[in-house]
Protein chains: 2
Amino acid sequence: MTLASWKDGPARQAIVDFVESATTPGPAFVEVADRIATFDNDGTLWVEQPLPPQFDFVFRRWAEEVKQEPSLAEQQPYKAIISRDPEFFQGIATQEPEVIDALLAAFVRTWAGTTPEEFDAQVREWLQTVKQPKLGVPYVELVYQPMLELLEYLKANGFRVFVCSGGGRDFMRVFAEETWGIYKENVIGSAAEYTYTDGRIVRAEKLLGSLDLGPGKPEHIFAQTGRLPVFAGGNADVDIEMLEAARFALLVNHDDEEREFAYTSGAEKSLARAKELGWTVVSVKDDWTTVFGKEKGQ
Amino acid sequence: MTLASWKDGPARQAIVDFVESATTPGPAFVEVADRIATFDNDGTLWVEQPLPPQFDFVFRRWAEEVKQEPSLAEQQPYKAIISRDPEFFQGIATQEPEVIDALLAAFVRTWAGTTPEEFDAQVREWLQTVKQPKLGVPYVELVYQPMLELLEYLKANGFRVFVCSGGGRDFMRVFAEETWGIYKENVIGSAAEYTYTDGRIVRAEKLLGSLDLGPGKPEHIFAQTGRLPVFAGGNADVDIEMLEAARFALLVNHDDEEREFAYTSGAEKSLARAKELGWTVVSVKDDWTTVFGKEKGQ
């Protein structure tokens, strides 16, 4: 079963060579304590088209809010979302820090005052009922099977695997254990502060630390783990700093329109950097025998 | 070896009963994913008298700074430290939030701009050279043997063990792995923000989130793990919220002047709360056959 969905090509070989050298006594050996592997989520572990899935969750919530209070439709980000402003959506697709920042400000506002149980219930309902528009299945079924195998392979070799995403830490933690097989504490992401009052954890209207994008990724990884990663996987320009901080960097290149999506938007700089620094670039089309386990939406 | 340094008394029995019921199918069973145990450090895992050891590290550093720049002696907190202002030191001993807050502000200022490697080297030097004044050995040898056995016992029963201290996260992470046998990522504490610039993690002059004291403890535990603890251990009033949040709470009562120290200062409220809520109170004198493994400083 080890890396069974990876074709016997250069990407698979590079992964195996690195892991073997890191776990075998010799010059490239990595102490067990240092074996931290970190992975971006959107576009690295699951489909991020047409938008990172969490936006689907959030926008549905905001649409409900506008129904309750129609005057919100005149305000941002509600206005851009309702009018489907292309510039705004392009900014989301390429994870422009300003756009993401504005969205997250609204995001922390919307859920301020809620408990983890309330938020979890909303995410679970979304996970169970909403389907990805092109592929026609719930988003949680659109996790890349070869990447799940890679997480298992790294764990089997003594790596502690963390997900490190610009998306919401608490959003991902709802499905992390059943979907990725890693504990909630191994999920790193942008997050709100919480206050503990009257015996309850309640969400505050404020981000905790930096956004987990770009330089924020190694910052968050260091804060959570006390280390920088040895192995890192990403797919976009906002992953560059995390990939540069790692000893082995893997970049997923989305070139398979048939089985999922083909695009390089928002990944141009990371593809250039991969060439410069010799990162392992994974072609969805050529390196993976299967994308979603049983192919979805075909 | 299981809990070998615990006398066969009510505290040991309460721990074993709880862990057995939590890991045996039945009404008190705790899912493996939920098995989070959290422990305070100062006074719970190691000696905190005459002051939590990190203050020894910090005050030596500040004394060096005053040598370099004598005018600092007129400013706080340098002034209080040099004059050994009893009110100020009492505030540290009882972990008064205002005093701790003032100290941590100076703390983040002193180390702003340093890298983790620089900070680690300073802590390691302190660990190796400085001795606790009464007991005459390095602080790291003053970890309570029965508590180390308890961490191992919990781990053997599927608990993930975290340390959660008002003290510095990065200070504790230097010795966590060799001393407690838990990874750096299982250490939660008050922490500075870091920025990632030019491929390096550098400390910023700002705290990340709240102080990890009182309500800050469950806040930090939730942020790090996505859960509240099932099992928690503490010894002071600043641990009350963490202990209240747990299903099983253990409070170390320092009543052994001969083998270490006897005091209840800063723990009065937690001892009252223990009685009210039925927490397991551990008497150092009566419940532990050994305190430091081989008794130190006798």
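Above this text is the structure in question.
Residues numbered from 1 in each chain as written. Chains lettered and ligands numbered in written order. Predicted model: local features only at pLDDT ≥ 70, side-chain atom pairs only at ≥ 80, totals over all residues. Heavy atoms only, no water.

Chemist: Any chance you could break down the overall build of chain A for me, citing the residues and the numbers?
Modeler: When helices and strands are tallied, chain A shows 12 helices and 8 strands. Over its C-alpha trace chain A gives a radius of gyration of 19 Å, about what one expects of a compact globule, namely 19 Å for 298 residues. Judged by the C-alpha coordinates and their principal axes, chain A covers about 65 × 45 × 35 Å. Buried residues in chain A amount to 60% of all 298 residues. With the model as given, the accessible surface of chain A reaches about 12000 Å², and the carbon-plus-sulfur share is 51%. (Helix = DSSP H or I, 4+ residues; strand = E, 2+ residues; numbered from the N terminus. Rg over C-alpha atoms; globule rule 2.2 N^0.38 Å. Buried < 20%, exposed > 50% of the residue type's maximum accessible area, 1.4 Å probe, protein only. Areas by Shrake-Rupley, 256 points an atom, 1.4 Å probe, with all protein chains shown as cover.)

Chemist: Please give an account of the relation of the copies chain A and chain B that cites residues and values.
Modeler: Copy one and copy two of the chain differ by a rotation about a common axis and a shift along it. For the match of chain A to chain B, the screw axis carries a shift of 0.0 Å, the RMSD comes to 0.0 Å, and the turn is 180 degrees. Read as a symmetry element, the transformation amounts to a two-fold axis. (Least-squares fit on C-alpha atoms with pLDDT ≥ 70 in both.)

Chemist: Tell me about the layout of surface pockets, and please be specific about residues and values.
Modeler: Size it by volume and the largest pocket reaches roughly 450 Å³. Lining the largest pocket are 23 residues, and of these A:F222, A:G226, A:R227, A:L228 and B:E117 sit closest to its centre. When residues of the lining of the largest pocket are traced back to their parent elements, those giving at least two are α6 (116-129), α8 (169-180) and β5 (200-207) of chain B. Among the elements that make up the lining of the largest pocket, the one with the highest residue count is α6(B) (4 residues). Of the volumes computed, that of the second largest pocket is approximately 380 Å³. (1 Å grid on protein atoms, 1.4 Å probe; cavity = no way out; pocket = protein on both sides within 12 Å on 5 of 7 lines; lining within 4 Å. Points joined across faces, edges and corners; volume = space filled by probe spheres on them.)

Chemist: Describe the interface of chain A and chain B, listing the residues and the values that go with them.
Modeler: Between chain A and chain B, the contact holds 33 residues from the first and 33 residues from the second. Between chain A and chain B, a total of about 2700 Å² is buried, with carbon and sulfur atoms accounting for 58% of that surface. Summed over the three residues of chain A that lose the most area to chain B, namely A:E185, A:Y196 and A:F222, the buried surface amounts to 24% of that side. Where chain A touches chain B, the interface holds 4 salt bridges. For B:R160, the salt bridge identified is with A:E185, shortest N-O distance 2.7 Å. At the junction of chain A and chain B, the tally comes to 15 residue pairs in polar contact (both at pLDDT 80 or more). Residue assignment for the side of chain A that touches chain B shows that the elements contributing at least two residues are β2 (160-168), α8 (169-180), β4 (192-197), α9 (216-225) and α10 (240-245) of chain A. (Contact = heavy atoms within 4.5 Å. Buried area = accessible area lost by both parts, 1.4 Å probe. Salt bridge = Lys/Arg side-chain N within 4 Å of Asp/Glu carboxyl O. Polar contact = N/O pair within 3.5 Å; in protein donor to acceptor, adjacent residues only side chain to side chain.)

Chemist: Mind laying out the packing of α8(A) against helix α9 (residues 216-225) of chain B, listing which residues take part and the relevant values?
Modeler: Two elements in contact, α8(A) and α9(B), have axes whose closest approach is 10 Å; the angle formed by their N-to-C orientations is 60 degrees. Between α8(A) and α9(B), the contacting residues are A:R169, A:D170 and A:R173 on the first element and B:F222, B:A223, B:Q224 and B:T225 on the second. (Axes fitted to C-alpha atoms, helices over the stretch in contact; angles between N-to-C directions.)

Chemist: Talk me through unusual backbone geometry; I want residue IDs and the actual numbers.
Modeler: Peptide bonds are trans in most cases, and residues, glycine excluded, mostly fall at negative phi. A cis amide bond links A:Q49 with the next residue in sequence, A:P50, at an omega value of -5 degrees. With a phi angle near 50 degrees, A:L3 is a residue other than glycine that sits in the positive phi range. Along the chain, A:L3 turns up in the segment before α1 (10-22). For A:L3, a relative accessible area of 1% puts it in the buried group. Its identity as a non-glycine residue notwithstanding, B:D198 has a phi of 50 degrees, on the positive side. When you line up the elements, B:D198 lands in the loop between β4 (192-197) and β5.

Chemist: Quick rundown of the environment of A:L104? Include the residues and the values.
Modeler: All names here are of chain A. Its place among the elements puts L104 in helix α5 (residues 97-111). Counting along the chain gives 111 residues from L104 to P215, while the straight-line C-alpha distance between them is 17 Å. Beyond its immediate chain neighbours, meaning those up to four positions away, L104 contacts S190 and L211.

Chemist: Break down empty space enclosed by the protein for me, with residues and values.
Modeler: Taken as a whole and assessed by the stated rule, the structure comprises 8 cavities of 30 Å³ or more. Along the wall of the largest cavity there are 31 residues; nearest its centre are A:L208, A:A223, B:R169, B:L208 and B:A223. The class makeup of the residues in the lining of the largest cavity is 14 nonpolar, 10 polar and 7 charged. (Nonpolar A, V, L, I, M, F, W, Y, C, P; charged D, E, K, R; others polar.)

Chemist: Before we move on, can you summarise the packing of helix α2 (residues 53-68) of chain A against α5(A) with the specific residues and values?
Modeler: Residues and elements named next belong to chain A. Direction vectors running N to C along α2 and α5 enclose 55 degrees, while the axes themselves pass 11 Å from each other. Here α5 runs oblique to α2, going by the angle between their axes. Taken as a pair, α2 and α5 cross one another with a handedness that is left-handed. Listed contacts from α5 to Q54, F55, F57, V58, F59, R61, W62 and E65 of α2 are I100, L103, A106, F107, T110 and W111. (Parallel < 35°, antiparallel > 145°, perpendicular 65-115°, else oblique. Left-handed = near helix turned anticlockwise from the far one by under 90°.)

Chemist: Can you lay out the packing of aromatic side chains for me, pointing to particular residues and giving the numbers?
Modeler: Under the definition given, this model contains 50 aromatic pairs over all chains. Summarising the aromatic geometry, the rings of B:F57 and B:F171 are spaced 5.5 Å apart at their centres and angled 40 degrees between planes, so their arrangement reads as tilted. Of this pair, B:F57 sits in helix α2 (residues 53-68) while B:F171 sits in helix α8, placing them 114 residues apart in sequence. On the basis of relative accessible area, B:F57 is assigned to the buried category, the value being 4%. Note on B:F171: relative accessible area 2%, which makes it buried. Put simply, the rings of A:W46, A:F57, A:F107, A:W111, A:F119, A:W126, A:Y139, A:F171, A:F175 and A:W180 touch in pairs and so form one group of aromatic residues. The lysine or arginine in question, A:R160, covers the ring of B:Y183, its NZ or CZ lying 3.5 Å from the ring centre. (Phe/Tyr/Trp six-rings, centres within 6.5 Å; stacked < 30°, edge-to-face > 60°. Lys NZ or Arg CZ within 6 Å of the ring centre and 35° of its normal.)

Read these as geometric descriptors, not functional statements.
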